[in-house]
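Each chain is listed here by its residues.
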Amino acid sequence: MTPTPPDADFSTLFNFLPIGAYRSSPDGQMLRANQALVALNGYRTEAELIQGVKDIAVEWYVDPVRRAEFRRLLERDGYVRGFVSEIYRHRTRERVWISENAHAVRGPHGELRFYEGTVEDITPLVRHQKALHDSEEKLRLVTSQMPGMVYSVFVTPDGRRRYDYVSPGVREIYGLEPEDLLRDPLVASRYRHPEDVALLEQDMQHIRKGEPVDLGGEFRIVMPDGRIKWVLRRSYTVSSDEEGTHRVGVLLDITARKEAEAALHASERLWKLALESAGDGVWDWNVQTGEGFVSPGIRAMLGFDDEVDPDMEALTHPDDVAQMQADRQAHFEGRMPSYRNEHRIRCKDGTWKWVLSRGMVISRDEDGKPLRMVGTHTDITEVKLAEAQHRALEVQLRESQKMEAIGTLAGGVAHDFNNLLAAILGNLVLAREDVGPHHPAQESLTEINRAAIRARQLVQQILTFSRRQTQEMVRQPLTPLVEEALGLMRSLLPAGVRLMTRLPGRGLPVLADATQMQQVLMNLCTNAWQAMDGRPGEITVALREAQVDPAQALQLGGLPAGLYACLSVADNGQGMDEETQRRIFEPFFTTKAPGVGTGLGLAVVHGIVKAHRGAIQLHSRPGEGTRFDVFLPLAPLSTDRDSLSAVPSPPPLGAGDLVATDRHVIYIDDYEALVFLVGRLLRKHGYRVSTFDNGSAALAWLRAHPQEAVDLVVTDQNMPGMAGVDVARAVRALRPALRVAIVSGHVNDRLLADAASAGVCEVLGKQDSMDALSEAIRGLLER
């Protein structure tokens, strides 16, 4: 029988192995490979693998040095076990990790014949180990940045401990290295404060029993140098079985916090006394129980007896509770460094006081929830009243500025519209004379005249509101003016409305335009009875002397403090809401039905009162009626302000009355329609007239005709370019003896003074008709 070759005995086992097996030559040639190694390298057959591999050192190992190290170990020891390397799958070049076991096979004379060994794919194991290492490194990096000591510990049922992980934070607390605890788990227990040993042992009993308890609390440790540290502990059970309990936790050094709390308690009485002496009341609140302490200063502030501790929460104004709680919660959650809130508190006598409350949380539990809060209350009632008054004055100023702006706009529009009406009315007069009294057009011209007169009355109201109407200011007693107006009012009152009066015995002298003051009273009373809305009611008119102090003067828009006459008109009608009150003096604003009133009545009142250097104040609430108070400064016994009295007019011109034709008048106005109309009218009355639409043109004519006789220059004041006063100065420079008159729709003290300095002989208000203007010019020429 032929013996079986030794290597044939294990050929079946060679191919059956689940891991790779091979035989290679010392120079790196592959001689044999089993099927597992063939598959590992990405081939189908052993022949393909042997044919493909030329040099194992270069083609197989990722790092060729590993082949040299592999051979060095074989030559030194004759074998290699567990040699880990990263290789390429020969055919696919995919990188994998393997573990090799090999030995050298030598011949009878010791010569090296080949290597034999096994190859095991350990890629999943290597990747798992790397992931574990990366995870541990991340944990180390994270915990190294955390304050305190992070640890993982295993506790057996008999109480023995084994630390699996300790962060570098152990140095800050115990002064130990992590390796110290890993080597000797009991080293930290030697630092325990004697008074806290029992507490820690009690916690250990729960752990040994395998109870899934979450432990927290504070304890002390004693350092080798005798210093005492406070430590906060939090630990949790991760898993537990019969072999023991696995727990993770953290230790934090809270020594600084405990020392601060101790210092706070020690100085508490001192700062409370200091705050009390500064005028602030002190409060101390247990957030968890709601119990509180208030100092005698707070009790005195609110009018409570010393032995009574008022419930501050219950005394807080209901409208202020929500904001107070929101501010407090913001501090609790750390969004605000301290608590600050302003709110009202009810005193013992039922009145309300404003307080500024400031405080801070000085104690929290281990979860960060507030336990105790202290702070102060400061009485800021006077500050709040001053702020409210300031806001009211700001609103009043804005309203005053708005009314001033509206008045300026309305006055400008009314001035231009008045010129248009003057042209319409003047041409109507001429047209009616031209067509004769029996012409069929007279009826239409009469209606046009009636509508124009109504429009002019409306313009006069606008001018009164804007304080551009000419006024006749005379020192006179106010009481008789009010009595006269009331006499007219009684016959106009609707049925069911009673008029009550409270007038003083003395006259109360004021500097006023009698007609305008009566218009003020008529408009206010008309507004009052219209507020009755057809229902029975009562209107009360009162007049009194009032002393206006500086505070009230500010509320009235900055009037000078002093003595005033106060005219009041009150009704018991439906009253007004705040929005209506805010707009009540605006022109054309009305709450009445369409067609009832123009919305100018109260606007006119406002304009007249302001022009009289007074003020008007409104008091009203819905359902409680309305009262208007008009304040007019009392006039001294003598005044240096001249009354603006009208120039006595000569007898009116009759039909066909003509004056001497040698009278020459120059008329200047920037409104062409008026220039044409006045020129035609004056010529009709026999004057020689030269008309110009600007002052520069008139002056140029005077320079060009120095020998031309001129008896009177009449110029409008408000013109673009040169105003009337400027024209007068220039005329006086050219012809000093030539008289100049100025016409203006807004005659005031400043205009009178400027005109006098320019040598103007007369300042005329805008006339109601062209005939009136003609008569005024005739009077100037005849004087």
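Residues numbered from 1 in each chain as written. Predicted model: local features only at pLDDT ≥ 70, side-chain atom pairs only at ≥ 80, totals over all residues. Heavy atoms only, no water.

Bringing the sheet that holds strand 27 (residues 762-765) into the picture now. Either a parallel or an antiparallel arrangement is found when strands of a sheet pair, and the pairing is made through backbone hydrogen bonds. Read across the open sheet, the five strands follow the order 24-23-25-26-27; overall the sheet is parallel. On the outer flanks of this sheet lie strand 24 (688-692) and strand 27, each paired with one strand and no other. On average, adjacent strands in this sheet sit at an angle of 20° to one another, irrespective of strand direction. Bridge analysis of strand 26 (residues 739-744) against strand 27 gives four bridges, and the strand direction is parallel. Its bridge partner lying in strand 27, Ser744 is registered against Gly765. Strand contacts of helix 22 (residues 672-684): strand 23 (664-668) and strand 24, with the helix running at about 175° to strand 24, the strand carrying the most contacts. Packed on one face of the sheet, helix 23 (residues 695-704) meets strand 23 and strand 24 and runs near 150° to strand 23. (Pairing = 2+ DSSP bridges. Helix = DSSP H or I, 4+ residues; strand = E, 2+ residues; numbered from the N terminus. Axes fitted to C-alpha atoms, helices over the stretch in contact; angles between N-to-C directions. Contact = heavy atoms within 4.5 Å.)

Burial runs high along strand 22 (residues 626-633): six of the eight residues are buried. If you look at the hairpin formed by strand 21 (residues 615-620) and strand 22, you'll find five residues sitting between the two strands, and Gly623 has a positive phi there, around 80°. (Buried < 20%, exposed > 50% of the residue type's maximum accessible area, 1.4 Å probe, protein only.)

Time to look at the packing of aromatic side chains. Under the counting rule described, the total for this entry stands at eight aromatic pairs. Relative to Tyr339, the ring of Trp283 lies with its centre 6.5 Å away and its plane at 75°, an arrangement referred to as edge-to-face. Note that Trp283 is positioned in strand 11 (residues 281-286) and Tyr339 in strand 13 (residues 339-346), a separation of 56 residues in sequence. For Trp283, a relative accessible area of 9% corresponds to the buried category. Relative accessible area serves as the criterion here: at 3%, Tyr339 is assigned to the buried category. Each residue in the set Phe70, Phe83 and Tyr115 is aromatic and connected to the rest through ring pairs, giving one cluster. Across the ring face of Trp354, the terminal group of Lys384 is positioned such that the distance to the ring centre comes to 4.6 Å. (Phe/Tyr/Trp six-rings, centres within 6.5 Å; stacked < 30°, edge-to-face > 60°. Lys NZ or Arg CZ within 6 Å of the ring centre and 35° of its normal.)

For the rest of this paragraph, the subject is the side chain of Thr381. Mapped onto the elements, Thr381 comes out in helix 15 (residues 381-435). Among the residues examined, Thr381 registers a relative accessible area of 18% and is labelled buried. With near-sequence residues (within four places) excluded, Thr381 lies in contact with Lys353 and Trp354.

In this structure, Ser235 sits in strand 9 (residues 228-241). Polar side-chain contacts of Ser235 include one of 2.7 Å to the side chain of Arg247. (Polar contact = N/O pair within 3.5 Å; in protein donor to acceptor, adjacent residues only side chain to side chain.)

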